[in-house]
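# Analysis of the macromolecular model
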Amino acid sequence: MEIFGYSGPRFDLYRDDEGSEPLTLGDGPWEAPTATAPIDARLQIPGSKSLTNRELVLSALADAPSLLRHPLWARDTELMIEALRQLGTKIVEVPGDGRFGNDLEITPGELEGGVSIDCGLAGTVMRFVPPLASLALGPVAFDGDEAARRRPMKGTVDALKALGVEVRDDGRGGLPFSLYGTGEVTGGEVTIDAGASSQFVSGLLMAGARFENGLTLIHSGDRVPSQPHIDMTLAALRDRGVEIDDSEAGMWRVSPGSIDGCELTIEPDLSNAEPFLIAAIVAGGSVSIEDWPATTTQVGSHLEHLLPLFGAQISVADGVLTCTVERGIAEGAELPGVDLDLSEAGELAPNLAALCGLCTTTSRITGIAHLRGHETDRVAAIAAELRGIGCEVTELDDGLEIVPGPRTAHEWRSYEDHRMATSGAIVGLAIEGVTVDDIHATSKTLPQFTQLWQDMLDQGTVGDPDEGEDDGSVDLTAFSI
Ligand SMILES: O=C(O)C1=C[C@@H](OP(=O)(O)O)[C@@H](O)[C@H](O)C1
Ligand SMILES: C=C(OP(=O)(O)O)C(=O)O
């Protein structure tokens, strides 16, 4: 096969049509369980996708080995591991404490081309790996799922071209494309429009430290979304000894220099905790998440102030966050709608929108125009699926207006999007007869989703005499994608 001049072996990860293992989880629609009583559950959530994939990239760019404990094992992170291995990084699984699968030992190597990278549908792979691959010697081809070819890539591609890296593509600025690294990048100043994704900025900044003159990245255009994700990148770089000046809005200066190796434990994915915490609001009762970090760069921590807008009480004690409501929606609680600007926390929008669809008055979610370039056009997908359960939904320029409706049974579509799949599970708690067409989409970041969901419901209900007999723990190492 050939991708813009690159011809060599093609990736075969996760591709049924090319002889890889068939995917097993989502055969046919999944019947979303309905809540029959308030829940009382305590859960462990596997590692953060955003932290795992940043630390993998930084470990590959570092000048010494790193150890990542509790990395996320899911499609997005396995694609990242495979991409970095192909580019010359040694990544070895080592036994961890057994809770979340193996840990990872990463030894950076000379970056080498002559490979083809499967980005799947992972924004972090398609936006973080090309800047790193521009430091390799030789051609590197990039492609991904059909849906990935529709995701914006222009910020990354334009920046690499402006930095003098030879990129061959069809001019759309999307996948597929090939780049031809010479083993070094001079660096310097480059201006891009990062309005479509913060990941353009994050990917360039991480590799920028390794450019000969570092990188001064300037954003021109409307506001960059997902600022907390950029802050996460800056923090991860600084923790590894990289100097960055971000004192001027829309400009980041990364000084050239080495990136330290390190040992660290990946926090649980707080955005993946979201549907479980929302389940308490829908079913009633409480859901607790273990190992909730006291301080974090994860945008999922915004749930601590977002969920109270829906009547939840949030408490954190001894590293456990608990979301409690006195009366759940499924028990008849009537929640007024909300007005939310989610420009910083777009990744939380699909599940919150599902909750808005179960409120009793109109909600507006704004600041999410860029979600049209996520795994699917999430603005359109949320609108279509909420209409399916009887809501009246208007697509706004940068968001959605949701007028709740009669809560009718519906086959909720996932659109290959993990967060669309989990939002179907949320509405299913309150509406009998909801099925999710492809719950397997959750394998992108949480292959254990259905088991954890069922476990949450089985753990015992408030006032249940059997509560406590089963600790309800799910073996998080037992599932693979
Ligand atoms: O850098 C990251 O890890 C992410 C950045 C955000 O991307 P966008 O800025 O494209 O929304 C977020 O939505 C995505 O889930 C993860
Ligand atoms: C937008 C998301 O993913 P990605 O990292 O693929 O952009 C997401 O997880 O909500």
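Residues numbered from 1 in each chain as written. Chains lettered and ligands numbered in written order. Predicted model: local features only at pLDDT ≥ 70, side-chain atom pairs only at ≥ 80, totals over all residues. Heavy atoms only, no water.

Under an unreviewed UniProt entry, the name given to the chain is 3-phosphoshikimate 1-carboxyvinyltransferase, and the organism recorded is Pseudoclavibacter terrae. As its UniProt record puts it under Catalytic activity (unreviewed entry), the chain is described as follows: "3-phosphoshikimate + phosphoenolpyruvate = 5-O-(1-carboxyvinyl)-3-phosphoshikimate + phosphate". (UniProt positions renumbered as here; feature names shortened; annotations may be inferred.)

### Points about the nonpolar core
Formed by 75 residues in total, the largest nonpolar core has its most connected members in Phe 276, Leu 277, Phe 310, Trp 453 and Met 456. Ranked by the residues each element gives to this core, the list is headed by helix α7 (residues 270-283), at ten residues. Contact partners of Phe 310, with chain neighbours within four places excluded, come to Ile 281, Leu 335, Val 338, Leu 340, Leu 352, Leu 355, Cys 356 and Cys 359. If you look at the next biggest cluster of nonpolar residues, it comprises 69 residues, including Ala 194, Phe 211, Leu 217 and Leu 237. (Core = buried A, V, L, I, M, F, W, Y, C linked by side-chain atoms within 4.5 Å. Buried < 20%, exposed > 50% of the residue type's maximum accessible area, 1.4 Å probe, protein only. Helix = DSSP H or I, 4+ residues; strand = E, 2+ residues; numbered from the N terminus. Contact = heavy atoms within 4.5 Å.)

### As for the sheet that holds strand β3 (residues 30-31)
Backbone-to-backbone hydrogen bonds join strands into a sheet, with any given pair of strands oriented parallel or antiparallel. Ordered by their spatial adjacency, three strands build an open sheet running β3-β25-β24, and the pairing between neighbours is mixed. Unpaired on one side and paired on the other, β3 and β24 (411-412) mark the two borders of the sheet. Pairing between β3 and strand β25 (residues 435-436): two bridges, direction antiparallel. Within β25, the position partnered with Trp 30 by the bridge is Val 436. (Pairing = 2+ DSSP bridges.)

### Some points on the environment of Gly 183
When you line up the elements, Gly 183 lands in the loop between β11 (177-182) and β12 (188-192). Spatially, the C-alpha atoms of Gly 183 and Gly 241 are 23 Å apart, while their sequence positions differ by 58 residues. Beyond its immediate chain neighbours, meaning those up to four positions away, Gly 183 contacts Leu 135, Ala 136 and Leu 137.

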